[in-house]
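Each chain, written out:
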Amino acid sequence: MANSKYEYVKCFEVEDEVMFPNIILVWINACNIHKPYDVNALKLMNSCAVEVLEEYADVVLAYGFGDEYTFVFKKTSKFYERRASKVLSIVISFFSSVFVRKWGEFFPHKELQCSPSFHGRVIPCASTEALQAYLLWRQNICHLSDQHEQCLWRLVERGMNLNEAWDIIKGFDKSELNNLLFDEFNVNYNTLEPIFRQGSCVLKTLVEDIVKYKDNGDPIKRQRRKIITVHSKKIAGKRFWNEHTVLLKDFGGFVEEINNVTPEYVRSFESDIKLMPSTWIVVRIDGCHFHRFSELHEFVKPNDSRALNLMNLCAVAVLEKFWEDIVFAYGVSDEYSFILKKTSDLYQRRASKIVSTIVSFFTSTYVMRWSEFFPQSELKYLPSFDGRAVCYPSTEILRDYLSWRQVDCHINNQYNSCFWKLVASGKSKREAQNSLKGAQLQKKIEELDIDYNKLPVMFRQGSSVYRDKIDTDLIHHENGNTFESNGKVIVEHIDIIGPTFWLEHPNILDE
Ligand SMILES: Nc1nc2c(ncn2[C@@H]2O[C@H](COP(=O)(O)OP(=O)(O)OP(=O)(O)O)[C@@H](O)[C@H]2O)c(=O)[nH]1
Ligand SMILES: [Mg+2]
Ligand SMILES: [Mg+2]
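Since we're looking at a predicted model, the values are computed, not measured.

Trainee: What am I meant to see in the side chain of E335 here?
Mentor: With respect to the element layout, E335 can be found in strand β9 (residues 335-340). A residue is classified by how much of its surface remains accessible, and E335, at 7% relative accessible area, is buried. In terms of polar contacts, E335 uses its side chain to reach the side chain of R405, at 2.8 Å. Leave out the neighbours within four places in its chain, and E335 touches R284, I285, D286, M311, Y330 and R405.

Trainee: Explain empty space enclosed by the protein to me, please; I cannot follow it from the model alone.
Mentor: Where empty space is left in the structure can be found by rolling a water-sized probe over the atoms. On inspection of all chains with the given rule, the structure shows one cavity of 30 Å³ or more. Contributing to the lining of the largest cavity are L42, M45, N46, G64, F65, G66, E68, Y69, I195 and S200. Put simply, the parts of the chain that give the lining of the largest cavity at least two residues each are α1 (39-55), β2 (59-65) and β3 (68-73). The element that contributes the greatest number of residues to the lining of the largest cavity is α1, accounting for three residues. Each residue belonging to the lining of the largest cavity can be placed in one class, and the counts come to five nonpolar, four polar and one charged.

Trainee: Looking at this structure, how should I read the nonpolar core?
Mentor: One recurring pattern in soluble globular proteins: nonpolar side chains tend to sit buried together. Judged by nonpolar contacts, the single largest core of 81 residues is most densely connected at V26, F71, V283, F338, F362 and Y366. With residues up to four places along the chain from it excluded, the contact list for F71 reads I24, L25, V26, I28, A49, V52, L53, V59, L61, A62, V91 and F95. Counting 38 residues, the second-largest nonpolar core is a separate cluster that includes V9, V390, I411 and C418.

Trainee: Could you clarify how one ought to interpret the site of ligand 1 in this entry?
Mentor: In the vicinity of ligand 1, 15 residues are found, and the nearest of them are D286, H289, F290, H291 and D304. Separating an oxygen atom of ligand 1 from a side-chain N or O atom of D286 is a distance of 2.8 Å. Across the complex, the protein chains shield 68% of the 640 Å² of accessible surface that ligand 1 would expose by itself. Of all the secondary-structure elements, those providing two or more residues to the shell around ligand 1 are β7 (280-287) and α10 (290-296). Considering every element that reaches the shell around ligand 1, the biggest residue donor is α10, with three residues. Taken together, the residues of the shell around ligand 1 sort by class into five nonpolar, six polar and four charged.

Criteria and cut-off values
- Residues numbered from 1 in each chain as written.
- Chains lettered and ligands numbered in written order.
- Predicted model: local features only at pLDDT ≥ 70, side-chain atom pairs only at ≥ 80, totals over all residues.
- Heavy atoms only, no water.
- Helix = DSSP H or I, 4+ residues; strand = E, 2+ residues; numbered from the N terminus.
- Buried < 20%, exposed > 50% of the residue type's maximum accessible area, 1.4 Å probe, protein only.
- Polar contact = N/O pair within 3.5 Å; in protein donor to acceptor, adjacent residues only side chain to side chain.
- Contact = heavy atoms within 4.5 Å.
- 1 Å grid on protein atoms, 1.4 Å probe; cavity = no way out; pocket = protein on both sides within 12 Å on 5 of 7 lines; lining within 4 Å.
- Points joined across faces, edges and corners; volume = space filled by probe spheres on them.
- Nonpolar A, V, L, I, M, F, W, Y, C, P; charged D, E, K, R; others polar.
- Core = buried A, V, L, I, M, F, W, Y, C linked by side-chain atoms within 4.5 Å.
- Near = heavy atom within 4 Å.
- Areas by Shrake-Rupley, 256 points an atom, 1.4 Å probe, with all protein chains shown as cover.

Listed below in structure tokens is the structure:
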């Protein structure tokens with residue numbers, strides 16, 4: 001809706017469409033979860049994967065083990081115009097929401113200590129043959145890493161620390177690991193539960209339901225898609241693949257059995273774009289379908305302080321977590337922009353990892369802290385956010401970016417204030433819309449007698465989040481130790497278009 005002279009900053013956004021005929025794979029992996037192999041953790045991951053397949057019609061297959069999952073989109077998918085960062089962030093955000101929501105089902109006696117996060121990337125697979133190689137590669141890694149984990153955690157349970165245990169098994173091959181399990185722990189690896197050794201496949205299949213019976217007693221059947229979770233020893237084998245008609249239909253059959261994955265293929269599966277060095281990185285996230293989400297959860301119109309404060313809290317958590325890299329954030333409505341400093345080397349500036357981790361952490365914090373802001377209202381469906389990263393080469397352009405967002409906030413807020421005032425005065429939504437079409441909003445505000453400047457400043461200015469550097473230079477002395485404080489992360493509602501704020505806080509965008 002909003003047009004401003006700052007809009008040109010959009011031209012720094014780059015196209016990231018996954019072109020046909022590539023098959024879209026989304027690989028996700030938990031950040032920093034390393035703990036004893038727990039079957040409940042695997043079942044939780046599986047249950048989240050099932051929800052992903054339920055939610056997104058285009059995801060037809062998923063394969064996961066340990067703390068990772070891969071989602072495979074049908075060949076013809078046009079999900080979010082196949083834009084990689086959208087596809088990745090939405091899947092990972094939704095997965096994070098479900099993970100938080102379902103945690104208690106699988107760990108009833110263990111509270112989730114902090115917001116979990118996942119990172120990932122989109123992997124374009126050029127052909128069914130490449131997909132077959134990908135699946136073989138991941139399942140080989142499942143076998144190997146599970147053997148390691150089974151040995152490692154048994155050694156730890158026996159009293160070793162993690163490093164000592166690693167020192168013993170690192171470099172062990174399959175048979176050495178098997179022998180260790182057998183000789184030391186009397187465990188035959190092949191008898192362990194398949195969910196550990198083989199990983200889990202979640203897929204859509206067709207089943208026939210009897211919907212009713214004819215007068216003569218004959219059943220009337222209807223085919224419906226059903227999501228199943230299976231464990232199979234060879235998911236890249238012809239037999240497994242070709243016996244699932246849904247997979248055959250979507251991707252075609254596997255022609256040959258394969259035993260090896262060529263290093264070139266692995267290289268392509270692992271490739272990850274790095275963002276240009278010495279540029280500001282903006283990660284903007286935005287709620288998916290928040291129009292509907294806000295209706296369903298009865299947000300106050302047009303601005304709901306609870307919803308905005310929850311967004312702000314999540315942004316503060318992001319700045320606290322990434323305190324070395326993110327220097328500023330600006331939020332309005334269902335969106336937040338996070339500014340990573342020019343010199344940041346977060347995840348070696350790998351775009352997917354930066355965007356996915358931030359989106360995931362923000363989402364899981366949102367779900368975990370929801371009830372503090374909406375104690376009377378249960379989450380009716382799970383929120384998800386999309387995200388993208390854009391590089392800006394100069395501070396001037398970065399400031400124009402922030403101005404663009406704040407002008408947007410301003411114009412939207414003026415429009416919404418008029419709109420809801422008209423509706424409150426008895427006009428229908430359509431009438432209100434028509435009367436505002438092409439109108440000078442400033443004039444309308446006067447006409448409608450809206451005391452605009454009396455509206456809460458958070459609604460008018462949006463929210464700026466940054467570290468209050470007043471005490472940055474303070475050196476605290478505790479127990480004789482000295483350390484530098486990073487400053488407290490604060491939320492302010494201020495004008496960031498004019499120069500005043502930036503002159504008063506020269507350290508924020510200090511190059
Ligand atoms: N009532 C109310 N609605 C809000 C508030 N904040 C955000 N929203 C809703 O969230 C929407 C955000 O706009 P968009 O991000 O453009 O639209 P969206 O519905 O999220 O759709 P996509 O982002 O394209 O998935 C607004 O249009 C509002 O409907 C709020 O404080 N109160
Ligand atoms: Mg939105
Ligand atoms: Mg929005």
